[in-house]
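# Observations on the model geometry
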Amino acid sequence: MIEILNPTQLLRARDTGTLVARMLQTLKSRVTVGTNLLDIDRWTRDMITEAGAASCYVDYEPSFGRGPFGHYICTSVNDAVLHGLPHDYQLVDGDLLSLDLAVNLGGVVADSAISFIVGDRHPPESVALIEATQRALHAGIAAAGPGVPIGDISHAIGTVLREAGYSVNTEFGGHGVGSTMHQDPHVSNTGRAGRGYRLRPGLLLALEPWVMADTAELVTDADGWTLRSVTGCRTAHSEHTIAITDDGAEILTLPA
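Residue indices follow the written sequence of each chain, beginning from 1 at its first position. For this predicted model, a pLDDT threshold of at least 70 governs which residues receive local features, and a threshold of 80 or more governs which side-chain atom pairs are given and counted, while totals over whole chains, interfaces and linings are taken from all residues. Note that the side-chain values use all heavy atoms of the structure and ignore hydrogens as well as water.

### Brief notes about the nonpolar core
In terms of nonpolar packing, the biggest core is built from 26 residues, with Ile 153, Leu 199, Leu 205, Leu 207, Ile 242 and Ile 244 touching the most fellow members. The helix and strand labels rest on DSSP assignments: H or I over at least four residues marks a helix, E over at least two residues marks a strand, and numbering proceeds from the N terminus. With 6 residues, the top contributor of residues to this core is helix H3 (residues 124-143). Only buried Ala, Val, Leu, Ile, Met, Phe, Trp, Tyr and Cys residues count toward a nonpolar core, and they belong to the same one when joined by side-chain atoms within 4.5 Å. We call a residue buried when its accessible area falls under 20% of the maximum for its residue type, exposed when it is over 50%, and partly exposed in between, using a 1.4 Å probe and counting protein chains only.

### Here's the deal with the side chain of Asn 78
Mapped onto the elements, Asn 78 comes out in the loop between strand S2 (74-77) and strand S3 (80-82). Look at Asn 78 and you get buried, because its relative accessible area is 16%. As used in this structure description, the phrase polar contact means that two N or O atoms lie within 3.5 Å; if the pair is within protein, one of them must be able to donate a hydrogen and the other to accept it, and residues adjacent in sequence are counted only when both atoms belong to side chains. Looking at Asn 78, its side chain comes within polar contact range of the side chain of Arg 234, at 3.1 Å. Contact criterion: two residues are considered in contact whenever any of their non-hydrogen atoms come within 4.5 Å of each other. If near-sequence neighbours (up to four positions away) are discounted, Asn 78 is found in contact with Gly 94, Asp 95, Leu 96, Cys 233, Arg 234 and Thr 235.

### Topic: the sheet that holds strand S10 (residues 218-220)
If DSSP finds at least two bridges between two strands, the strands pair. The strand order across the open sheet built from 3 strands is S3-S11-S10, with neighbouring strands paired in antiparallel fashion. In this open sheet, the two edge strands, each paired with only one partner strand, are S3 and S10. Across the sheet, the axes of successive neighbouring strands diverge by a mean angle of 45°, strand direction being ignored. Bridge count for S3 against strand S11 (residues 227-229) is 2 bridges, and the pairing is antiparallel. For Leu 82, the partnering residue across the bridge sits in S11 and is Leu 227. Only the stretch in contact is used when fitting a helix axis, every axis being a line fitted to C-alpha atoms; angles between N-to-C directions are given from 0 to 180 degrees.

### Let's talk about the UniProt feature "domain: Peptidase M24" (unreviewed entry) in the chain
UniProt positions are given in the numbering used here, feature names are shortened, and annotations may be inferred rather than shown by experiment. The positions that UniProt labels "domain: Peptidase M24" (unreviewed entry) are, in the present scheme, residues 14-246. Helix makes up 28% of residues 14-246 and strand makes up 26%, while its end C-alpha atoms are separated by 16 Å.

### Details of the pattern of salt bridges
Criterion for a salt bridge: a side-chain nitrogen of Lys or Arg within 4 Å of a carboxyl oxygen of Asp or Glu. Counted by the stated rule, this structure contains 5 salt bridges. Here Arg 45 and Asp 46 are joined by a salt bridge, their closest N and O atoms 3.0 Å apart. By relative accessible area, Arg 45 is classed as partly exposed at 33%. For Asp 46, a relative accessible area of 36% puts it in the partly exposed group. Between Asp 79 and Arg 228 there is a salt bridge; the shortest N-O distance is 2.9 Å. Here Arg 228 lies in strand S11 and Asp 79 lies in the loop between S2 and S3, a separation of 149 residues in the sequence.

### Concerning the sheet that holds strand S6 (residues 174-177)
Read from one edge of the open sheet, 5 strands run S7-S6-S8-S13-S14, paired in antiparallel fashion. The sheet terminates laterally at strand S7 (183-187) and strand S14 (248-251), the two strands that pair on one side only. Ignoring strand direction, the axes of neighbouring strands in this sheet form an average angle of 30°. Where S6 meets S7, 2 bridges bridge the pair, whose relative direction is antiparallel. Each bridged residue has a counterpart across the sheet, and for Gly 174 the counterpart in S7 is Val 187.

Next comes the structure, spelled out in structure tokens:
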């Protein structure tokens, strides 16, 4: 289903996006060496409850996971890139942590992800991974607008990732959002310009470039959820929810 939001829903989407962005920045500021992933999950639960919002993850049970997910945020560390199931692990100096969060506020969902390095040790290859996903994300956003074929976004994202030297996995990518978390259209992280669904004002898209340092192949962890690089290399993931407007695209999950 492709859902086009009305003006009232778009106002709610801005509120949801602001909440998600604020929560992710709060979590980032609280994470230190020694933080347990289960603490991050608990902090997220408390913030969602305080905001009067609803988690998109706790009861989530798609075909590709061993559901329900049962937690409030995805916490992916180092070789884990997507759907990281929070577990009893204390972060160490130099860990590359990705946090992916989707919540529903007032009937509208926003979805965003950030990657950052914990502590004082910043391995150059990890910094490069994060920066590549951020550049690709902003290239995809810059390509979006009314009437634009969705392939233009995919092409822009994939071009940045490949020029940075990374292979692009097409099993998972961006997607529509609205009253639910995962909707059509699918937004691949690589593609051909000029192809696909033409974007309409009122459409929300979650764009999410992610890469693995030396492979494009994933393996599912024994937990049934966490997706890791098959070689054990490091990974990174960046995501924003955007709204297609009459004259371009508005980032709804941009930190204040």
